[in-house]
Each structure stands twice: as C-alpha cells, then as structure tokens.
Amino acid sequence: MSLLEISHLTTKFETQQGTVSAVRDVSYHLEEGEVLGIVGESGSGKIVGMIFQDPMTFLNPILKIGIQMTEGIRKHQNCSKKEAEAKAIELMRQVGIPSPEKRLDQYPFEFSGGMRQRIIIATALACDPKLIIADEPTTALDVTVQAQILELLEQLKEEMGLSILFISHDMRVVYQLCDRVMIMKDGTIVESGDVDTVYFSPQHEYTKELLEAAGIGEDEA
C-alpha cells in the first residue's frame, strides 16, 4: 500500500471573473522512501506546502527560534519545555546547524538564508513524520546553499526512510533529487513517470518545452 494516495482531486475557487479550476481530476501516489517531484508553471496547481520556499514567510520575525521550534513539539508530543528544547537542539544538530544550544535564543534575522531553511527542515522533522512536503525549498537560495540543502534532504531520506513530495519549477533540481516526476499544466498532469524516462524520452510538448528551457536534452542521457 502506498504511503500517500491522491485520487481524482479537484480544487475550485470562486472569483469575480467566475469559477477557476486550480486542480482538475489529479491522481497520484507516493511510496515509502520515494521522492516524487511535481513540476509546473506558476498557477498550474502544483503547490501544497510544508517546507517553504521562503522561510521568512513561515518564521515569526519577533519570536525566538526556540519558541517557534518547541511549540509544535510540546503540543504534539506531550513533553516538558526542557524536553522540547532538548529535541529542538538535537534536530538542529541533525540538519547541520552549528552551536545549536545557542541558537534557541536567537531570532530569525540572525540566521543566514540557508540556516533559516535548515530551521524549517528541522521543524518539519520535529514530530517524526514519514512524509515531508517541500514547496520549492531551494528557490530563494544561491546555487551553493541550494546544493547543500538538496544534499541534506537526500541524507535525511536515506537515514530516516522519509518520503518526499518535492514541488519545484527547476527541472535540473528535480532530476538530481527525485525518483519520479509529474509534469503539471493548467491544473492537470500532462506527463508522469520515472525521471530518466520523462527527461530523456518526453512525450508531451509542454515537457519538451520545459526541458529545452532548462537546457536539458536527449543528448545528455
């Protein structure tokens, strides 16, 4: 049985211009330990959300990191403040944040962009999930930091047996991290399969256009 199964999902919004179908009859599954990439243009219906593109939209700038990390731990794991802080420190250490004991009393602005993204990843891991949903988690980062975050996600997948739903518009990043990929356009899945098949034997014209825009061609197979 799949870890996650979505069957015939349709999402609609009412606007002044009429009804907008953001997602139209979408079905997919995610297996344990698998990374599934969802690729598409903005507004194609691909966004879910858990590890966010911009950590500052998730982190409260006026609250210390320790408060923000331990709130969920205390609520969902019924533990003391001291126990929650100990787990937060261990999580920060796990995602490669130096001197984690000191970080509890710092504010988000005292962290670099890459470190803030690591805080978000650590927070997402706080309740020992089997599934991580990553909504364009590397888009706001420079290339070097982006590579570090991708390496961290791959490491966590291997160490913890995580499944990852990875949402992105970056075809190269998806190819680097994911086992399978879904290409979405206008709220529907236009093509899906393992990354090698989709990338080097694309069937849909929109997939071909995305690959061409990313500078990925069949000669790279």
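A few points on the structure. (Residues numbered from 1 in each chain as written. Predicted model: local features only at pLDDT ≥ 70, side-chain atom pairs only at ≥ 80, totals over all residues. Heavy atoms only, no water.)

### Re the overall build of the protein chain
Reasoning step 1: In terms of helices and strands, the protein chain carries eight helices and seven strands.
Reasoning step 2: The principal-axis extents of the C-alpha atoms in the protein chain amount to approximately 55 × 45 × 35 Å.
Reasoning step 3: Sorting the 221 residues of the protein chain into buried and exposed places 45% on the buried side.
Reasoning step 4: Within the protein chain, contacts between residues at least 6 apart in sequence are counted, and of these 62% link residues at least 24 apart.
Reasoning step 5: Computed over 20 positive and 35 negative side-chain charges, the separation of the two mean positions in the protein chain equals 10 Å. (Helix = DSSP H or I, 4+ residues; strand = E, 2+ residues; numbered from the N terminus. Buried < 20%, exposed > 50% of the residue type's maximum accessible area, 1.4 Å probe, protein only. Contact = heavy atoms within 4.5 Å. Lys, Arg positive; Asp, Glu negative; His and termini not counted. Charge placed at Lys NZ, Arg CZ, Asp CG, Glu CD.)

### Observations concerning the sheet that holds strand β7 (residues 188-194)
Reasoning step 1: Within the open sheet, the five strands sit side by side as β4-β5-β3-β6-β7. Their pairing is mixed. Whereas interior strands pair on both sides, the edge strands pair on one side only; in this sheet they are β4 (131-135) and β7. Direction aside, neighbouring strands of the sheet carry axes that sit 15° apart on average. (Pairing = 2+ DSSP bridges. Axes fitted to C-alpha atoms, helices over the stretch in contact; angles between N-to-C directions.)

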